[in-house]
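Each chain is listed here by its residues.
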Amino acid sequence: MDAWLRAALDYVPRWIDFQVQHVDQPGASIAIAHRGEVVLEEAFGTADLATGEALTPRHRFRVASHSKTFTAAGILKLKDRGLLRLDDVAGTFVQGLHEQAAAATVQQLLSHSAGYVRDGADAGYFSNLRPFLSASQLRAELALPPPLPAGQRFKYSNHGYGILGLIIEAVTGEHYRDWIMREIVAVAGLAETHADIGLMTEGRLARGHSTRLPFGRRLVIPGDAPTADLASATGFVSTAADLARFFSQLAPSSPAQLLSDGSRRDMTRRHWRDAESTLERYYGLGTISGSLAGWDWFGHSGSFAGTLSRTAVFPAQDVAVSVLTNAIDGPAQAWVDGIGHILKTFEKGGAPGEEVADWAGRWWTLWGAVDLVPVGNKVLASPPVLHPPLAEASEITVTGLDAGLITRAPGFNQAGEAASRVRDADGEISEIWLGGVRLVGEFAFAEEAANRYGG
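These notes cover the structure that comes with them. Quick caveat, the model's predicted, so the values are computed rather than measured.

1. Notes on the overall build of the protein chain
Item 1. Within the protein chain one finds 13 helices and 21 strands.
Item 2. For the protein chain, the C-alpha radius of gyration of 24 Å lies close to 23 Å, the compact-globule estimate for 455 residues.
Item 3. Taken along the three principal axes of its C-alpha coordinates, the protein chain extends 80 × 45 × 40 Å.
Item 4. Within the protein chain, the proportion of its 455 residues that are buried is 54%.
Item 5. Entry remark: accessible area of the protein chain is about 18,800 Å², with carbon and sulfur atoms responsible for 52%.

2. Considering the pairing of strand S12 (residues 307-314)
Item 1. Counting buried positions along S12 yields seven of eight residues, so the element is predominantly enclosed.
Item 2. In this structure, strand S11 (residues 295-304) lies alongside S12, joined through seven bridges in antiparallel fashion. The partner of Ser301 across the bridge, within S12, is Arg310.
Item 3. If you look at the hairpin formed by S11 and S12, you'll find two residues sitting between the two strands, and Gly306 has a positive phi there, around 100°.
Item 4. Hairpin connection, S12 to strand S13 (residues 319-325): the antiparallel pair is bridged by four residues, and Asp318 has positive phi, about 55°.

3. Points about the layout of surface pockets
Item 1. By volume, the largest pocket is sized at about 720 Å³.
Item 2. Together, 32 residues line the largest pocket, and Leu279, Arg281, Ile288, Ser301 and Gln333 are the ones closest to its centre.
Item 3. Of all the secondary-structure elements, those providing two or more residues to the lining of the largest pocket are strand S9 (281-283), strand S10 (288-292), S11, S12 and helix H11 (332-349).
Item 4. The element best represented in the lining of the largest pocket is S11, accounting for six residues.
Item 5. Grouping the constituent residues of the lining of the largest pocket by class yields 13 nonpolar, 13 polar and six charged.
Item 6. In this structure, the second largest pocket encloses a volume near 470 Å³.
Item 7. Around the second largest pocket, the lining is made up of 16 residues, and of these Thr345, Lys348, Leu380, Leu390 and Glu395 lie nearest the centre.

4. Focus on the pattern of salt bridges
One side chain can pair with another of opposite charge once the charged atoms of both are near each other.
Item 1. All told, the structure shown has 31 salt bridges when counted by the stated rule.
Item 2. Two residues, Arg62 and Asp196, come together in a salt bridge whose shortest N-O distance is 3.3 Å. On the criterion of sequence distance, the pair formed by Arg62 in strand S4 (residues 61-64) and Asp196 in the loop between helix H7 (176-186) and strand S5 (208-209) is long-range, its members being 134 residues apart. Accessibility classification places Arg62 together with Asp196 in one group, the buried group.
Item 3. Within the structure, one salt-bridge network assembled from shared partners comprises Lys77, Arg81, Glu174, Arg182 and Glu183.

5. What to know about the pairing of S13
Item 1. Among the seven residues in S13, seven count as buried, and that is most of the element.
Item 2. Taking every second residue as pointing to the same face, both faces of S13 are buried, with Val319, Val321, Val323 and Thr325 on one and Ala320, Ser322 and Leu324 on the other.
Item 3. Pairing geometry for strand S1 (residues 27-34) and S13, over seven bridges, is antiparallel. Looking across to S13, one finds that Ser29 is bridged to Leu324.
Item 4. Where S12 lies against S13, seven bridges are found, and the strand directions are antiparallel. Along S13, the bridge assignment pairs Thr311 with Ser322.

6. A closer look at the sheet that holds S12
Item 1. Strand order in the open sheet formed by nine strands is S3-S2-S1-S13-S12-S11-S10-S9-S8, with antiparallel pairing between adjacent strands. Lying at the two open borders of the sheet, with one neighbouring strand each, are strand S3 (53-54) and strand S8 (272-273).
Item 2. Contacts between helix H2 (residues 66-80) and the sheet are confined to S9, S11 and S12, with S11 contributing the most and set at about 115° to the helix.

7. Examining unusual backbone geometry
Item 1. Residue Pro214 follows Leu213 across a cis peptide bond; omega there is 5°.
Item 2. Along the chain, the position of Pro214 falls in the loop between S5 and strand S6 (220-221).
Item 3. For the bond running from His387 to Pro388, omega is -10°, close enough to zero to count as cis.
Item 4. Take Pro388: it is sitting in the loop between strand S16 (378-382) and strand S17 (394-398).

Quick notes on the rules
- Residues numbered from 1 in each chain as written.
- Predicted model: local features only at pLDDT ≥ 70, side-chain atom pairs only at ≥ 80, totals over all residues.
- Heavy atoms only, no water.
- Helix = DSSP H or I, 4+ residues; strand = E, 2+ residues; numbered from the N terminus.
- Rg over C-alpha atoms; globule rule 2.2 N^0.38 Å.
- Buried < 20%, exposed > 50% of the residue type's maximum accessible area, 1.4 Å probe, protein only.
- Areas by Shrake-Rupley, 256 points an atom, 1.4 Å probe, with all protein chains shown as cover.
- Pairing = 2+ DSSP bridges.
- 1 Å grid on protein atoms, 1.4 Å probe; cavity = no way out; pocket = protein on both sides within 12 Å on 5 of 7 lines; lining within 4 Å.
- Points joined across faces, edges and corners; volume = space filled by probe spheres on them.
- Nonpolar A, V, L, I, M, F, W, Y, C, P; charged D, E, K, R; others polar.
- Salt bridge = Lys/Arg side-chain N within 4 Å of Asp/Glu carboxyl O.
- Contact = heavy atoms within 4.5 Å.
- Axes fitted to C-alpha atoms, helices over the stretch in contact; angles between N-to-C directions.

Spelled out as C-alpha cells, the structure:
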C-alpha cells in the first residue's frame, strides 16, 4: 500500500467519528478497499437506539438501490454468455406488458431510459404501508402505457429493475434470488451479502431510524420487510466491506473475472446525464458516476426505510469507498465525498515526515474542535466540522520540537503568525497555540467550560 494512502486511512475514521457525533446520527459503517482488498473497515455509534446496541462492521444494512448494480451485473453476465443481447426487448421475456413497455430494450431498462413509471400508482411499500410487489402485480402495473417514450431521457424506475429480475428468471429458469446469489454474490466472494432479508440466516441487522422531525426524537424502523419481486431493484442486505469488494471488481482495470472487460467498461461508462439535476452526475448500466474535484468515480446509492448508503469507486486510484448509515437523513453521500477529499489531500501532499508526524491530534476551543493533520512536510490545521474536510486548512511549517510558523492560511485566519505546543510538568502536550488562539484537549476543555458556564 502506498504510504500516502496508509496515512489517509489513519485520519478518515477520526473525521467520520466526529461527523457522526456532530450531526447526531445513530450510526455509520465505513469500508475502503484498495486494489480490491479491504484496507479499512470501522463502525461508529449505535445499531439500535431502542436497545443501545453498539454498531459493528459485521452488522448488515438494507442497502436498497445498490441492488440494481448486482442485477445489472447479472444481466451483463448473461450477455457475456450469449444468453441475451442488450438490444433484446422486454416483451421477449416478460408477458403481459403494455406494447410500449414491451418494446423497451434491456439496455434501456439497465440505464433507466425505458420511460417506465418509477414506483407505480402506490409506492407505499417504501414507507412500510403495504407489501412490496409480486411479479403478477408488477406486470399488471406495467400493462398500462409508460409515462414517457423509451430512449427520451434518464428516468429512474424501480419497476424497470423489477422487470430485469423477471428477465433473469426467464433466461435462467431459476428464481432471481437463487441465481444472483450463486452467479454474482458467491463468485464475487461476498459472505455478508444477501439478495433479500429472508436469505439472511446469520449476523445482525442494523435497525433503521427516522428523522428527528416532526417527532422530536428518532423512531426505530425495523427494516425487515421482504421485497418480493422488487428484490432486484431494492432488496439487498450487505456490509460496507462487501460492497467495497464488489464494486472494486466492476472497475474496468480490475483483474477480477466477474464480468468481461467490455461489460465492465459498458456498465461503468456514462450513458445518460441527469440533465434536470444541478449535480453533474450520470447513469450507466446499474451505476451512477461523476467527478469529485478531478477524480472520476462510479458507484451507486441506496435508500430504504430508515437507512441511507453510498458506494463510490475511484478507478484511477484503485480505491473503493462505502458508507452505510442507519437513519433516513444519514449524510452518506457527503461522507463519501469527504473521504474522497481526504484521500486526494494525502495523495497530493504525501505521507507525513518524521519531523511533523507527532503533531497529529484534536484540540478544542469554545468555537469547536481543530484537527492537526500532518501531510507531507506540513501540518494542516482544520476544523473537522467543515465540508469538504481539509479544504480550508491552515498550513504550519514546523521549525522546532514544539514551534512552527503558519505559512499559509485563509485570509480570515492567522497567516504569518506563530504556532506552538506547550508541555505540562510530565512533558506531555497540554496546549496548542495558533497565533493568539489557545486550544486544549477535549477533557480539559470540557472541564474548563463546565466550570466557567456551569453544567
